[in-house]
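This is what each chain is made of:
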Amino acid sequence: MTFVQGPVRATVPATSANLGPGFDTLGLALELRDTLEAEVLDGGLVVEVSGYGEGQVPLDERHLVVRAMRATFERLGQQPAGLRLSCTNVIPHARGLGSSSAAIVGGVWLARELVAGGRLLLDDAALLDLAARLEGHPDNVAPALLGGFVISGQDADGGFWAVPGSVDPRVGAVVFVPPTPVETEAARGLLPDVVPHGDAAANAGRAALLVAALSSRPEELLRATEDRLHQEYRRPAMPESLALVETLRADGVPAIISGAGPTVLAFTDGPGTTTADALLARCPAGWEAHSLAVTRPGATRAD
Ligand code: HSE
(Lines give C-alpha, C1' and ligand atoms only; values in the text may rest on other atoms or scores of the structure.)
Protein backbone atom coordinates (compact mmCIF):
# COMPACT_ATOMS: atom_id res chain seq x y z
CA MET A 1 0.00 0.00 0.00
CA THR A 2 1.32 3.45 -0.94
CA PHE A 3 0.45 6.74 0.70
CA VAL A 4 -0.11 9.95 -1.25
CA GLN A 5 2.55 12.65 -0.76
CA GLY A 6 1.49 16.15 0.29
CA PRO A 7 -1.68 17.48 1.90
CA VAL A 8 -5.24 16.60 0.94
CA ARG A 9 -8.12 18.96 1.81
CA ALA A 10 -11.79 18.15 2.15
CA THR A 11 -15.00 19.94 3.08
CA VAL A 12 -17.90 18.15 4.77
CA PRO A 13 -21.41 19.59 5.21
CA ALA A 14 -23.56 20.02 8.28
CA THR A 15 -26.57 17.73 8.34
CA SER A 16 -30.01 17.65 9.87
CA ALA A 17 -31.26 14.17 10.81
CA ASN A 18 -34.74 12.81 11.56
CA LEU A 19 -36.51 15.78 9.88
CA GLY A 20 -39.46 15.09 12.17
CA PRO A 21 -40.85 11.59 11.51
CA GLY A 22 -37.74 9.93 10.04
CA PHE A 23 -36.01 8.99 13.29
CA ASP A 24 -32.59 7.45 12.60
CA THR A 25 -33.37 7.20 8.87
CA LEU A 26 -33.85 10.57 7.09
CA GLY A 27 -31.18 13.26 6.76
CA LEU A 28 -30.41 16.39 4.79
CA ALA A 29 -27.06 18.05 3.99
CA LEU A 30 -26.91 21.80 4.57
CA GLU A 31 -24.59 24.42 3.09
CA LEU A 32 -22.41 24.95 6.16
CA ARG A 33 -19.11 23.11 5.77
CA ASP A 34 -16.16 22.16 7.97
CA THR A 35 -12.79 22.09 6.20
CA LEU A 36 -10.15 19.47 7.01
CA GLU A 37 -6.61 19.01 5.74
CA ALA A 38 -4.46 15.93 6.33
CA GLU A 39 -0.97 14.85 5.32
CA VAL A 40 1.12 11.75 5.88
CA LEU A 41 4.39 12.45 7.79
CA ASP A 42 7.50 10.42 8.57
CA GLY A 43 6.42 10.15 12.19
CA GLY A 44 4.33 11.63 15.01
CA LEU A 45 0.83 13.06 15.19
CA VAL A 46 0.05 16.77 14.85
CA VAL A 47 -3.56 17.94 15.27
CA GLU A 48 -4.71 21.55 14.94
CA VAL A 49 -8.28 22.80 15.47
CA SER A 50 -9.73 26.25 14.84
CA GLY A 51 -13.33 27.37 15.23
CA TYR A 52 -15.75 25.18 17.19
CA GLY A 53 -13.91 22.80 19.52
CA GLU A 54 -10.74 24.91 19.62
CA GLY A 55 -9.19 24.61 23.08
CA GLN A 56 -11.78 21.97 24.04
CA VAL A 57 -11.27 18.80 22.00
CA PRO A 58 -8.17 16.62 22.60
CA LEU A 59 -5.37 17.11 20.05
CA ASP A 60 -4.19 13.49 20.09
CA GLU A 61 -5.34 9.99 19.19
CA ARG A 62 -8.66 10.67 20.97
CA HIS A 63 -9.62 13.33 18.40
CA LEU A 64 -12.71 12.08 16.54
CA VAL A 65 -11.31 12.76 13.06
CA VAL A 66 -8.07 10.96 13.97
CA ARG A 67 -10.05 7.97 15.30
CA ALA A 68 -12.04 7.81 12.05
CA MET A 69 -8.82 8.04 10.01
CA ARG A 70 -7.19 5.28 12.08
CA ALA A 71 -10.21 3.00 11.57
CA THR A 72 -10.05 3.60 7.82
CA PHE A 73 -6.30 2.97 7.55
CA GLU A 74 -6.88 -0.19 9.59
CA ARG A 75 -9.55 -1.31 7.13
CA LEU A 76 -7.20 -0.53 4.22
CA GLY A 77 -4.42 -2.53 5.82
CA GLN A 78 -1.73 -0.11 7.02
CA GLN A 79 -1.23 2.91 9.30
CA PRO A 80 1.00 5.76 8.04
CA ALA A 81 4.23 6.44 9.98
CA GLY A 82 2.99 9.89 10.96
CA LEU A 83 0.05 12.17 10.41
CA ARG A 84 -0.81 15.88 10.40
CA LEU A 85 -4.43 17.00 10.64
CA SER A 86 -5.85 20.50 10.56
CA CYS A 87 -9.58 21.16 11.18
CA THR A 88 -11.45 24.41 10.58
CA ASN A 89 -14.83 23.94 12.21
CA VAL A 90 -17.88 26.09 11.49
CA ILE A 91 -20.56 23.51 12.37
CA PRO A 92 -21.67 24.16 15.98
CA HIS A 93 -20.94 21.27 18.36
CA ALA A 94 -23.64 19.31 20.23
CA ARG A 95 -26.49 21.28 18.62
CA GLY A 96 -28.04 18.65 16.34
CA LEU A 97 -26.32 19.77 13.14
CA GLY A 98 -24.15 16.71 12.59
CA SER A 99 -20.76 17.99 13.76
CA SER A 100 -19.61 14.55 14.95
CA SER A 101 -20.78 12.92 11.73
CA ALA A 102 -18.94 15.60 9.74
CA ALA A 103 -15.81 14.74 11.74
CA ILE A 104 -16.21 11.01 11.16
CA VAL A 105 -17.02 11.39 7.47
CA GLY A 106 -14.15 13.85 7.05
CA GLY A 107 -11.79 11.36 8.69
CA VAL A 108 -12.78 8.32 6.67
CA TRP A 109 -12.88 10.34 3.44
CA LEU A 110 -9.44 11.93 3.99
CA ALA A 111 -7.83 8.63 5.00
CA ARG A 112 -9.10 6.98 1.81
CA GLU A 113 -7.74 9.90 -0.27
CA LEU A 114 -4.34 9.58 1.41
CA VAL A 115 -3.97 6.02 0.12
CA ALA A 116 -3.01 5.65 -3.55
CA GLY A 117 -5.95 3.98 -5.28
CA GLY A 118 -7.96 4.22 -2.06
CA ARG A 119 -11.28 4.61 -3.90
CA LEU A 120 -10.71 1.27 -5.63
CA LEU A 121 -10.05 -0.43 -2.30
CA LEU A 122 -12.97 1.18 -0.42
CA ASP A 123 -16.00 2.37 -2.40
CA ASP A 124 -18.61 4.84 -1.12
CA ALA A 125 -20.88 2.06 0.16
CA ALA A 126 -18.04 0.61 2.25
CA LEU A 127 -17.06 4.09 3.44
CA LEU A 128 -20.65 4.79 4.50
CA ASP A 129 -20.81 1.49 6.38
CA LEU A 130 -17.56 2.26 8.19
CA ALA A 131 -18.67 5.79 9.10
CA ALA A 132 -22.10 4.62 10.32
CA ARG A 133 -20.52 1.92 12.48
CA LEU A 134 -18.31 4.58 14.09
CA GLU A 135 -21.29 6.93 14.64
CA GLY A 136 -23.80 4.23 15.62
CA HIS A 137 -26.60 5.37 13.28
CA PRO A 138 -26.53 6.42 9.63
CA ASP A 139 -28.91 9.39 9.29
CA ASN A 140 -26.24 12.11 9.66
CA VAL A 141 -23.24 10.34 8.14
CA ALA A 142 -25.15 9.37 4.96
CA PRO A 143 -25.98 12.95 3.84
CA ALA A 144 -22.59 14.18 5.13
CA LEU A 145 -20.94 11.69 2.76
CA LEU A 146 -23.37 11.76 -0.18
CA GLY A 147 -24.93 15.25 0.03
CA GLY A 148 -28.56 16.26 -0.50
CA PHE A 149 -31.43 14.28 1.01
CA VAL A 150 -30.68 10.68 1.95
CA ILE A 151 -32.76 7.79 3.27
CA SER A 152 -30.60 5.37 5.24
CA GLY A 153 -30.87 2.41 7.56
CA GLN A 154 -29.36 -0.78 8.92
CA ASP A 155 -29.96 -4.35 7.77
CA ALA A 156 -30.54 -7.25 10.15
CA ASP A 157 -26.93 -8.38 9.60
CA GLY A 158 -25.70 -4.99 10.90
CA GLY A 159 -24.71 -3.51 7.54
CA PHE A 160 -25.74 0.06 6.75
CA TRP A 161 -27.32 1.30 3.49
CA ALA A 162 -28.17 4.69 2.03
CA VAL A 163 -30.33 5.79 -0.91
CA PRO A 164 -30.28 9.41 -2.13
CA GLY A 165 -33.64 11.13 -2.61
CA SER A 166 -34.44 14.28 -4.53
CA VAL A 167 -35.18 17.75 -3.16
CA ASP A 168 -37.38 20.34 -4.85
CA PRO A 169 -35.18 23.40 -5.61
CA ARG A 170 -37.71 25.61 -3.79
CA VAL A 171 -36.93 23.89 -0.48
CA GLY A 172 -34.44 25.52 1.89
CA ALA A 173 -34.00 25.73 5.64
CA VAL A 174 -33.58 28.19 8.47
CA VAL A 175 -31.88 26.82 11.56
CA PHE A 176 -32.34 28.35 15.00
CA VAL A 177 -29.37 27.41 17.17
CA PRO A 178 -29.74 27.84 20.95
CA PRO A 179 -26.72 28.81 23.05
CA THR A 180 -26.76 25.69 25.25
CA PRO A 181 -25.56 22.33 23.88
CA VAL A 182 -27.31 18.99 24.44
CA GLU A 183 -25.24 15.83 24.02
CA THR A 184 -26.79 13.24 21.70
CA GLU A 185 -26.31 10.50 24.29
CA ALA A 186 -28.37 12.47 26.81
CA ALA A 187 -31.10 13.12 24.22
CA ARG A 188 -31.20 9.43 23.25
CA GLY A 189 -31.37 8.47 26.91
CA LEU A 190 -34.78 10.19 27.16
CA LEU A 191 -36.38 7.89 24.58
CA PRO A 192 -38.58 4.98 25.73
CA ASP A 193 -37.78 1.39 24.78
CA VAL A 194 -41.34 0.84 23.53
CA VAL A 195 -43.75 3.20 21.72
CA PRO A 196 -47.49 2.84 21.00
CA HIS A 197 -48.28 1.08 17.72
CA GLY A 198 -50.43 4.04 16.63
CA ASP A 199 -47.49 6.42 17.03
CA ALA A 200 -45.23 4.15 14.99
CA ALA A 201 -47.87 3.88 12.27
CA ALA A 202 -48.38 7.66 12.20
CA ASN A 203 -44.64 8.23 11.82
CA ALA A 204 -44.35 5.63 9.04
CA GLY A 205 -46.99 7.48 7.05
CA ARG A 206 -45.47 10.89 7.70
CA ALA A 207 -41.96 9.70 6.79
CA ALA A 208 -43.26 8.33 3.49
CA LEU A 209 -45.12 11.59 2.83
CA LEU A 210 -41.96 13.56 3.64
CA VAL A 211 -40.05 11.83 0.83
CA ALA A 212 -42.74 13.02 -1.60
CA ALA A 213 -43.04 16.47 -0.01
CA LEU A 214 -39.30 17.13 -0.26
CA SER A 215 -39.02 15.88 -3.82
CA SER A 216 -41.95 17.72 -5.42
CA ARG A 217 -44.74 18.65 -2.98
CA PRO A 218 -43.32 21.23 -0.53
CA GLU A 219 -46.87 22.37 0.27
CA GLU A 220 -47.19 19.07 2.18
CA LEU A 221 -44.16 19.75 4.41
CA LEU A 222 -46.17 20.83 7.46
CA ARG A 223 -48.18 17.60 7.63
CA ALA A 224 -45.17 15.53 6.55
CA THR A 225 -42.95 16.75 9.40
CA GLU A 226 -45.22 15.69 12.27
CA ASP A 227 -43.44 13.39 14.73
CA ARG A 228 -44.60 11.19 17.59
CA LEU A 229 -41.50 9.06 18.22
CA HIS A 230 -38.81 11.30 19.66
CA GLN A 231 -39.34 15.08 19.86
CA GLU A 232 -41.85 15.20 22.72
CA TYR A 233 -39.82 12.69 24.79
CA ARG A 234 -36.84 15.01 24.50
CA ARG A 235 -38.68 18.08 25.77
CA PRO A 236 -37.07 17.97 29.27
CA ALA A 237 -33.62 18.48 27.72
CA MET A 238 -34.71 21.30 25.38
CA PRO A 239 -38.00 22.92 26.48
CA GLU A 240 -37.32 26.22 24.65
CA SER A 241 -36.68 24.35 21.41
CA LEU A 242 -39.93 22.39 21.67
CA ALA A 243 -41.77 25.63 22.45
CA LEU A 244 -40.34 27.26 19.32
CA VAL A 245 -41.31 24.24 17.19
CA GLU A 246 -44.87 24.48 18.54
CA THR A 247 -45.13 28.22 17.93
CA LEU A 248 -43.83 27.99 14.38
CA ARG A 249 -46.02 24.99 13.53
CA ALA A 250 -49.10 26.77 14.92
CA ASP A 251 -48.33 29.48 12.36
CA GLY A 252 -48.11 26.92 9.55
CA VAL A 253 -44.32 26.69 9.41
CA PRO A 254 -42.90 23.16 8.98
CA ALA A 255 -40.55 23.20 11.98
CA ILE A 256 -38.79 20.26 13.61
CA ILE A 257 -36.05 19.45 16.11
CA SER A 258 -32.86 19.01 14.07
CA GLY A 259 -31.31 15.61 14.83
CA ALA A 260 -31.12 15.02 18.57
CA GLY A 261 -31.51 18.80 19.12
CA PRO A 262 -31.53 21.36 20.48
CA THR A 263 -31.42 23.25 17.14
CA VAL A 264 -34.79 23.92 15.51
CA LEU A 265 -35.00 23.64 11.72
CA ALA A 266 -37.80 25.31 9.77
CA PHE A 267 -38.29 24.47 6.11
CA THR A 268 -38.71 27.28 3.62
CA ASP A 269 -40.51 26.49 0.43
CA GLY A 270 -40.17 29.47 -1.84
CA PRO A 271 -41.26 33.07 -2.23
CA GLY A 272 -44.83 33.84 -1.25
CA THR A 273 -45.06 30.98 1.21
CA THR A 274 -42.59 30.48 4.06
CA THR A 275 -39.68 32.81 3.31
CA ALA A 276 -36.28 32.72 4.95
CA ASP A 277 -36.32 36.43 5.80
CA ALA A 278 -39.62 36.14 7.67
CA LEU A 279 -38.25 33.20 9.65
CA LEU A 280 -34.90 34.80 10.46
CA ALA A 281 -36.83 37.63 12.13
CA ARG A 282 -38.31 35.09 14.57
CA CYS A 283 -34.96 34.09 16.12
CA PRO A 284 -35.24 34.06 19.94
CA ALA A 285 -32.94 36.43 21.84
CA GLY A 286 -29.52 34.89 22.47
CA TRP A 287 -29.93 32.27 19.73
CA GLU A 288 -28.33 32.26 16.28
CA ALA A 289 -30.35 31.86 13.10
CA HIS A 290 -28.96 30.95 9.68
CA SER A 291 -30.62 30.52 6.33
CA LEU A 292 -29.02 27.44 4.75
CA ALA A 293 -29.49 25.92 1.31
CA VAL A 294 -29.71 22.18 0.88
CA THR A 295 -26.27 21.25 -0.40
CA ARG A 296 -25.81 18.76 -3.24
CA PRO A 297 -22.19 17.72 -2.72
CA GLY A 298 -21.39 15.72 0.36
CA ALA A 299 -17.79 15.27 1.44
CA THR A 300 -15.66 16.60 -1.36
CA ARG A 301 -12.15 17.74 -2.16
CA ALA A 302 -11.40 21.39 -1.34
CA ASP A 303 -8.87 23.65 -3.07
N1 HSE B 1 -31.25 10.07 14.81
C2 HSE B 1 -30.35 10.56 15.81
C3 HSE B 1 -31.11 10.90 17.07
C4 HSE B 1 -29.67 11.77 15.27
O5 HSE B 1 -32.16 11.53 16.97
O6 HSE B 1 -30.66 10.54 18.15
C7 HSE B 1 -28.64 12.33 16.20
O8 HSE B 1 -27.41 11.81 15.98
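Residues numbered from 1 in each chain as written. Predicted model: local features only at pLDDT ≥ 70, side-chain atom pairs only at ≥ 80, totals over all residues. Heavy atoms only, no water.

1. With respect to the packing of helix 1 (residues 64–76) against helix 4 (residues 124–135)
The cut-off we apply is this: Angular values range over 0 to 180 degrees, each being the angle between N-to-C directions of two axes fitted as lines to C-alpha atoms, with helices fitted over their stretch in contact. Here a strand is any run of E in DSSP of at least two residues, a helix any run of H or I of at least four, and the numbering for each starts at the N terminus. Should an angle lie under 35 degrees it is considered roughly parallel, over 145 roughly antiparallel, and from 65 to 115 roughly perpendicular; all remaining angles are considered oblique. Crossing handedness is read from the near helix: turned anticlockwise from the far helix by less than a right angle, it gives a left-handed crossing, and turned clockwise, a right-handed one. Contact definition: two residues touch when any of their heavy atoms are within 4.5 Å. Residues were grouped as follows: Ala, Val, Leu, Ile, Met, Phe, Trp, Tyr, Cys and Pro as nonpolar; Asp, Glu, Lys and Arg as charged; and all remaining residues, including Gly, as polar.
For the pair helix 1 and helix 4, the least separation of the axes is 11 Å and the interaxial angle reads 135 degrees. In terms of axis orientation, helix 1 runs oblique to helix 4. Like other packed secondary-structure pairs, helix 1 and helix 4 cross with a definite hand, here right-handed. Residues A68, A71, T72 and R75 of helix 1 lie in contact with helix 4, whose contacting residues are A126, L127, L130 and L134. In terms of residue class, the contact of helix 1 with helix 4 is made up of six nonpolar, one polar and one charged.

2. Here we look at the pattern of salt bridges
What counts here: For salt bridges, the criterion is a side-chain nitrogen of Lys or Arg within 4 Å of an Asp or Glu carboxyl oxygen. Between buried and exposed lies partly exposed: a residue is buried under 20% and exposed over 50% of the maximum accessible area for its type, with that area taken using a 1.4 Å probe on protein chains only.
As enumerated under the stated definition, the model contains 20 salt bridges in all. E37 is paired through a salt bridge with R9; the nearest N and O atoms lie 3.3 Å apart. Remark: R9 occurs in strand 1 (residues 8–18) and E37 occurs in strand 2 (residues 22–41); sequence separation between them is 28 residues. Looking at R9, the relative accessible area reads 32%, which means it is partly exposed. Between D251 and R282 there is a salt bridge, and its shortest N-O distance comes to 2.7 Å. Remark: R282 occurs in the loop between helix 10 (276–280) and strand 10 (288–293) and D251 occurs in the loop between helix 9 (239–250) and strand 8 (255–257); sequence separation between them is 31 residues. Looking at R282, the relative accessible area reads 31%, which means it is partly exposed.

3. Some thoughts on the sheet that holds strand 8
Selection rule: At least two bridges found by DSSP between two strands are what make those strands a pair.
Judged by pairing direction, the sheet is antiparallel, and its four strands sit side by side in the order 8-9-7-10 without closing on themselves. In the strand order of this sheet, the two ends are held by strand 8 and strand 10, each with one partner. Averaged over all neighbouring strand pairs, the angle between strand axes comes to 25 degrees, with direction disregarded. Pairing geometry for strand 7 (residues 172–177) and strand 9 (residues 264–268), over five bridges, is antiparallel.

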